[in-house]
Protein chains: 4
Amino acid sequence: MTDWKTNISKSGEDPEVRGEKLEEVMEMEFSDAIWLVLKGEKPSENESEMFKTILSSSIDHGVGNPSTVSARTVQSGGNGMNTSVAAGILALGDKHGGAIEDCMKMIQSEKSAEEIVEEKLEKGETIPGIGHKIYKDEDPRASKMLEKAEELGIRGEFTEKICEIRDEFSERKVELVLNVDGAIAGIMSDLGWDHRLGKGIFIIARTPGLVAHVHEEMDEEDFRREDGEYLG
Amino acid sequence: MTDWKTNISKSGEDPEVRGEKLEEVMEMEFSDAIWLVLKGEKPSENESEMFKTILSSSIDHGVGNPSTVSARTVQSGGNGMNTSVAAGILALGDKHGGAIEDCMKMIQSEKSAEEIVEEKLEKGETIPGIGHKIYKDEDPRASKMLEKAEELGIRGEFTEKICEIRDEFSERKVELVLNVDGAIAGIMSDLGWDHRLGKGIFIIARTPGLVAHVHEEMDEEDFRREDGEYLG
Amino acid sequence: MTDWKTNISKSGEDPEVRGEKLEEVMEMEFSDAIWLVLKGEKPSENESEMFKTILSSSIDHGVGNPSTVSARTVQSGGNGMNTSVAAGILALGDKHGGAIEDCMKMIQSEKSAEEIVEEKLEKGETIPGIGHKIYKDEDPRASKMLEKAEELGIRGEFTEKICEIRDEFSERKVELVLNVDGAIAGIMSDLGWDHRLGKGIFIIARTPGLVAHVHEEMDEEDFRREDGEYLG
Amino acid sequence: MTDWKTNISKSGEDPEVRGEKLEEVMEMEFSDAIWLVLKGEKPSENESEMFKTILSSSIDHGVGNPSTVSARTVQSGGNGMNTSVAAGILALGDKHGGAIEDCMKMIQSEKSAEEIVEEKLEKGETIPGIGHKIYKDEDPRASKMLEKAEELGIRGEFTEKICEIRDEFSERKVELVLNVDGAIAGIMSDLGWDHRLGKGIFIIARTPGLVAHVHEEMDEEDFRREDGEYLG
C-alpha cells in the first residue's frame, strides 16, 4: 500500500510549508515562496533578487510555439482551464523548454568544458545554452542576467564553465553566443540547484503565460482547424 | 487555416509582454509579471502587495490531495517533470481547486446575496467560499487576507457580498466561516479580475508545490501501488 | 484513506475481467472485450456486429482537427508516446468529439422530440447529431449505420427519437441530415448504454488514430512552429 | 508555418483511412482497423487472429496500478472523461506499461542474446519481458500467446531471441519465466512492427479499461483523499 510521506508541507489546523507557518509564507514574495517550497529554506536577499529575474524572464514568448499552440488548441476543443494548461505543459518536452535542464546537467557533470565540446562535436550534437537563431553577437537577456549575477556576487564556477564551453566551441567551429538558457543554467547551478529542477523552474515560469493564452482563446468562437494534406 | 493572433506577447528580436520590453519585465517581481501577463497592465503598489499574498497562500497544502497524488503517481510510473506536473494540474477540476472560480462567478453575478443563499438552500448545494472542515469559528488565513485587503484599501463590494452570503446562510441554517477561497474570491473580484481566471490563479499558485512533490518522488525507487479489492 | 474497490477486473494469480477469466478474454474479438469491460457482460452476436462498426467508423479523420494537432505538436516538443497521445485525448472536449455523448444525453432525457427542438430553437443552440458541413442530403456513414441497425434488429425508440428530432427541426427551420454522431448516439442508446460513456467510446475509437499520428510525427525533424501575430 | 501532411487518413467528402474508403473500414473488425491505421495495410487472416489476442489480453488489470489510480483520482477531482482518461495514459511511462516497447527495442537491436544478457548482468539491470512476481514456473498468458503464434505460423526469429535471452539468463543467474510482455514483444516483432509502436499498442489496449474505471468512479460521491505524513 502506498504510504505518502513528505518533507514539503502539511495541511490541517496548523498548515506549514518546509517548516514555515503558512501565515508567514503569505507574507513572502511569491518567488521567495517558490524558492522555499523547492529548496527547503528561504533565499538570501541576493538569491531572491536573482531568482525573481530568472522567473520573470521566461513568463511568455509569443503565440506560435508548441506549448502555446497545444494549450490554445485544447481549449478550443471545449475544455476548461486546467485541462488546457496541462496540455500546454505536456508540450514542454526535450526539444521545447528543455535547454535549461539539459545545460545544468551538462555543466554539473564531472567532464571538463573541453571534454564536453569534443564529445558534442564528435556526435554532431548541438550544445544546450549556446547559440541563438536571431542573436549572433550577443543575447541581451543573457548579458543582463550575467551582469546581475556579477553584481550580486552569485556568479561562480558553473557560469564560468558554460562560458568556457562557448569559448571552446567558438574557437573550434564557429562563433556562437551564450543564450538566455545557458545563462540561467549557469546561475541556477551556482545557486546550488539540482539539475532535475531545471525543467520544473521553466514550467513554473511559463504557466502564467499559458493561463493568459487559454483565457484569450476563450473569446474565440470556433475550434481551431489546421490545413492538412492527405498524401495516401 | 488557423491564424494565431495575440495581445499577450511577442518573441523575436525585441521581445515584449503586454507592451513592456522583456528586459523591463525581468526587473519586475514575479507576481507583478504574472499580473501583467494576465491583466494587460502593471499592478499598483497596493495591488501588488495583495496579489503576492494570494499567490503565496496557495503554494502547497500537504501530500494527500488529488493533484499531488496524481502528479506523484504519474512520476512513479516513469515519467518526466512536465508529464507529471501536467497530471497534477489535470486533477484540479470542479471539486478540487475550483472553489475560488466558482465563488468569483457567483458573487460577480447579478443575483443578490439573499437570492443566492435561497437558491443554494433550495437545491441543497454547498456554497463555494463558505465553511471549513476544521475551522469552525474563523479561518485564520481568510482573516489575515481580509485584514490586509482592508489596510490596502482594496476591500470593496464583492468582499462585502461574500460576507453577506455567509451571514445570510448562518442565520438561516448554520453558522459557517468565510474560508480562504471565499476571501480570495472576494478580493480578486474587488481587484477587477474576470472570474474565468479564478482557476488559473490557483493553478499558477500551486504549480510550484507540484514541482516540489514530483522532485521529491524522483528519489523513491519503485512505482506507487495501491491496495485494491475486486468485488466482481 | 482511499480504499479502492472495483467491479471491473482483478490482477494477480487468476486475473479476471468482469467475471471472465483473462485467458478467455484473450479469445474474444477486441471490440467484444471492450463491450465486456464497459458493460459488464458479453455482447450478443448482433450487438457485437453493430459495436465493431461503430468503433471502426471513428478510427481516424484527417490531420487538421484539434486532437491530432495537439498530439503531434506535443510529440514534436520532444515527448514520448504516452504524453503525446494523452495531449490528443485532452483536446476531445465539449466542442470536438463530444457530439455522441451530448446527443445520447439529449435523447435519453424525458423530453419529447418536439420539446427538445423547441428549446434548442429558443436558445439558438445547435442540435448534436443533426447537420453536416459537407453532406446536405444524406450522410452516407449514418445511412450505412442505420441500415445495419435495421438488419440486426437493433433499431429502436432512441434511434426513432433522433430521427423525429431531425424531422421536427427540418419542418420548422431548415432541412438537415442525421449525421454519423446522431446515428451512433441513437443506436448506442437502443443498445442500452449509459450516455456518460458516449465520450469514452469515441476516445477508445480514436486512440489508434492518435497513436498513428504520433508515430508519423516521430520522423519529422524539428518541432512544430506556427505563425503568430502580436497585436499588442 | 506548420504544413500538416499525412499518409494516415483524409476527412471530407470521401473519407479514407490508409487508402481504404471509410465505408469499407466500417465493415472491418476493430482490431483489423487498428492494424490498418498503424501499419498502413490490412492484416492477413492469421495476423488478424494473433493481433486481437494481443489487444484483448491487456484490456484491464486491477485497480491499484498507477494508470488506474491516476485516472480515477483525476475524475474524483471533478473532471470529465477525456481529462481523466488522459491522466491515466500519462502514467504509462517507462516503469509502468513500458516493458513491451523496451523488449521490442532490445530484441530488434543487432546484439545477440548472449551480448544482451551479459550487458544487463554487468549493469545490474532487469531484462524487460523476463521474470514475474507471481509466476515462477510459467506465465500462462505467455504460454497461450506462444502456442497461438506457433499454430498460426507467426513465431519467428524475434520470439526465438527473447526465449534465448531467458535461457541465457536462467543458466547464468536464476531461472525466470518469459512473461506476457516478452511474448507480445517477440510476436509483434515477428509480425514486423516498429518497436516505437510498442507503448502505443499497450495504450490502445488499456484505454477501454481506463474508460471503465473512470465511469465507475463517477458514482463515487467525494474526491479521493490519501493519508499523508509530514516529516518536515
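Everything numeric here is computed off the predicted structure, so don't read it as measured data. (Residues numbered from 1 in each chain as written. Chains lettered and ligands numbered in written order. Predicted model: local features only at pLDDT ≥ 70, side-chain atom pairs only at ≥ 80, totals over all residues. Heavy atoms only, no water.)

Draft legend 1. Quick peek at the relation of the copies chain B and chain D. For the pair chain B and chain D, the superposition axis carries a translation of 0.0 Å, the fit reaches an RMSD of 0.0 Å, and the rotation angle comes to 180 degrees. Overall, the copies show the geometry of a two-fold rotation axis. Most of the interface of chain B is mirrored in chain D: 100% of its interface residues are interface residues there too. (Least-squares fit on C-alpha atoms with pLDDT ≥ 70 in both. Contact = heavy atoms within 4.5 Å.)

Draft legend 2. Molecular detail of the relation of the copies chain B and chain A. Once turned by 180 degrees and shifted 0.0 Å along the axis, chain B lies on chain A with an RMSD of 0.0 Å. Same-surface contact between copies: 99% of interface residues of chain B are shared with the interface of chain A.

Draft legend 3. Structural detail: the packing of helix α2 (residues 30–39) of chain C against helix α2 (residues 30–39) of chain D. Packing of α2(C) against α2(D) leaves a shortest axis separation of 6 Å and a crossing angle of 115 degrees. Contacts from Phe30(C), Ser31(C) and Ile34(C) in α2(C) reach Phe30(D), Ser31(D) and Ile34(D) in α2(D). Residues belonging to the contact of α2(C) with α2(D) are distributed by class as follows: four nonpolar, two polar and no charged. (Axes fitted to C-alpha atoms, helices over the stretch in contact; angles between N-to-C directions. Helix = DSSP H or I, 4+ residues; strand = E, 2+ residues; numbered from the N terminus. Nonpolar A, V, L, I, M, F, W, Y, C, P; charged D, E, K, R; others polar.)

Draft legend 4. Inspection of the interface of chain B and chain D at higher detail. With 30 residues of chain B at the interface, the matching set in chain D holds 30 residues. Summed over both sides, the interface between chain B and chain D buries roughly 2400 Å², with carbon and sulfur atoms accounting for 60% of that surface. Listed by contribution, the elements that provide at least two residues to the side of chain B that touches chain D are α4 (66–76), α5 (81–90) and β5 (228–230) of chain B. Take the side of chain B that touches chain D: its biggest share by element is six residues, from α4(B). Residue composition of the side of chain B that touches chain D, by class: ten nonpolar, eleven polar and nine charged. (Buried area = accessible area lost by both parts, 1.4 Å probe.)

Draft legend 5. Quick look at the interface of chain B and chain A. Taken together, the contact between chain B and chain A spans 82 residues of the former and 81 residues of the latter. Summed over both partners, the interface of chain B with chain A buries about 7400 Å², with 65% contributed by carbon and sulfur atoms. Its largest share of buried area at the contact with chain A, chain B owes to Trp4(B), Met26(B) and Phe30(B), together 13% of the area lost on that side. Counting the contacts that link chain B with chain A gives six salt bridges. Put simply, Arg196(B) and Asp219(A) hold a salt bridge, and the shortest N to O gap is 3.2 Å. Scanning the region where chain B abuts chain A turns up 27 residue pairs in polar contact (both at pLDDT 80 or more). The dominant element in the side of chain B that touches chain A, judged by the number of residues it contributes, is helix α11 (residues 198–217) of chain B, at 14 residues. Broken down by class, the residue content of the side of chain B that touches chain A amounts to 37 nonpolar, 21 polar and 24 charged. (Salt bridge = Lys/Arg side-chain N within 4 Å of Asp/Glu carboxyl O. Polar contact = N/O pair within 3.5 Å; in protein donor to acceptor, adjacent residues only side chain to side chain.)

Draft legend 6. Broad picture of the sheet that holds strand β3 (residues 16–17) of chain C. All names here are of chain C. Read from one edge of the open sheet, three strands run β2-β3-β4, paired in antiparallel fashion. Whereas interior strands pair on both sides, the edge strands pair on one side only; in this sheet they are β2 (9–10) and β4 (20–21). Summarising the sheet, β3 and β4 pair through two bridges and their orientation is antiparallel. Bridge assignment links Glu-16 to a residue of β4, and that residue is Lys-21. (Pairing = 2+ DSSP bridges.)

Fair warning: the whole summary comes from geometry, so function is off the table for now.
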